[in-house]
Amino acid sequence: MTHNLVDPATITTEMAVQIRTWRVDEDFSWRAVAQAASELWGSEYGSNQLYGEDLCAAAAQVLGENPYQEPWN
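Residues numbered from 1 in each chain as written. Predicted model: local features only at pLDDT ≥ 70, side-chain atom pairs only at ≥ 80, totals over all residues. Heavy atoms only, no water.

Novice: Sorry, what's going on with the pattern of salt bridges here?
Specialist: When the charged atoms of two side chains lie near each other, side chains of opposite charge can form a pair. Counted according to the given criterion, the structure contains one salt bridge. Between Arg 20 and Glu 65 there is a salt bridge, and its shortest N-O distance comes to 2.9 Å. Of this pair, Arg 20 sits in helix 1 (residues 13-25) while Glu 65 sits in the segment after helix 3 (49-62), and the two are 45 residues apart along the sequence. By relative accessible area, which is 21% here, Arg 20 ends up partly exposed. (Salt bridge = Lys/Arg side-chain N within 4 Å of Asp/Glu carboxyl O. Helix = DSSP H or I, 4+ residues; strand = E, 2+ residues; numbered from the N terminus. Buried < 20%, exposed > 50% of the residue type's maximum accessible area, 1.4 Å probe, protein only.)

Novice: Which parts of the structure should I look at to understand the side chain of Asp 54?
Specialist: Residue placement: Asp 54 occurs in helix 3. Buried charged residue Asp 54 carries no salt bridge. Nearest counter-charge: Arg 23, at 12 Å. From its side chain, Asp 54 meets the backbone nitrogen of Asn 4 in a polar contact 3.1 Å long. (Lys, Arg positive; Asp, Glu negative; His and termini not counted. Polar contact = N/O pair within 3.5 Å; in protein donor to acceptor, adjacent residues only side chain to side chain.)

Novice: Could you clarify how one ought to interpret empty space enclosed by the protein in this entry?
Specialist: One way to see where empty space is left: roll a probe the size of a water molecule over the atoms. Counting across every chain of the model gives one cavity of 30 Å³ or more. Here the largest cavity is characterised by a volume of approximately 40 Å³. For the largest cavity, the full set of lining residues is Arg 23, Trp 30, Glu 53, Cys 56, Ala 57, Pro 67, Tyr 68, Trp 72 and Asn 73. A total of three residues in the lining of the largest cavity trace back to one element, the largest contributor, which is helix 3. Split by residue class, the lining of the largest cavity holds six nonpolar, one polar and two charged. (1 Å grid on protein atoms, 1.4 Å probe; cavity = no way out; pocket = protein on both sides within 12 Å on 5 of 7 lines; lining within 4 Å. Points joined across faces, edges and corners; volume = space filled by probe spheres on them. Nonpolar A, V, L, I, M, F, W, Y, C, P; charged D, E, K, R; others polar.)

Novice: Can you walk me through the packing of helix 1 against helix 2 (residues 30-41) in this structure?
Specialist: Any two packed helices are characterised by the angle at which their axes cross and by the distance between the axes. For the pair helix 1 and helix 2, interaxial distance at closest approach is 9 Å and the crossing angle is 140 degrees. The orientation of helix 1 relative to helix 2 falls into the category oblique. The interaxial crossing formed by helix 1 with helix 2 has right-handed handedness. Only Trp 30, Val 33, Ala 36, Ala 37, Leu 40 and Trp 41 of helix 2 make contact with helix 1, whose side of the interface consists of Met 15, Gln 18, Ile 19, Trp 22 and Arg 23. Here the residues of the contact of helix 1 with helix 2 sort into nine nonpolar, one polar and one charged. (Axes fitted to C-alpha atoms, helices over the stretch in contact; angles between N-to-C directions. Parallel < 35°, antiparallel > 145°, perpendicular 65-115°, else oblique. Left-handed = near helix turned anticlockwise from the far one by under 90°. Contact = heavy atoms within 4.5 Å.)

Novice: Mind showing me how you'd approach the packing of aromatic side chains here?
Specialist: Each aromatic ring pair is specified by the distance between its two centres and by the angle formed by the two planes. Enumeration over the complete set of coordinates arrives at three aromatic pairs. Taking 4.6 Å as the distance between ring centres and 25 degrees as the angle between the ring planes, the aromatic pair formed by Tyr 45 and Tyr 51 counts as stacked. Among the residues examined, Tyr 51 registers a relative accessible area of 9% and is labelled buried. Through a chain of ring-to-ring contacts, three or more aromatic side chains come together here, namely Trp 22, Phe 28 and Trp 41. (Phe/Tyr/Trp six-rings, centres within 6.5 Å; stacked < 30°, edge-to-face > 60°.)

Here's what the structure looks like:
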């Protein structure tokens, strides 16, 4: 479920790959993804868990994957 904190159109392929790396390869929680993204790209959301979930959903969409199935979840 998305919370409309992230417009998928604003997520580049490079950003999507970075988000996927955090979530899948580095096993970041949604909160940790949000914090890392906020630090790297300057977001006001900080470690907001809903923001992290939306980032993952948007990144998965950009990459043609389902954020609620393996390997995302």
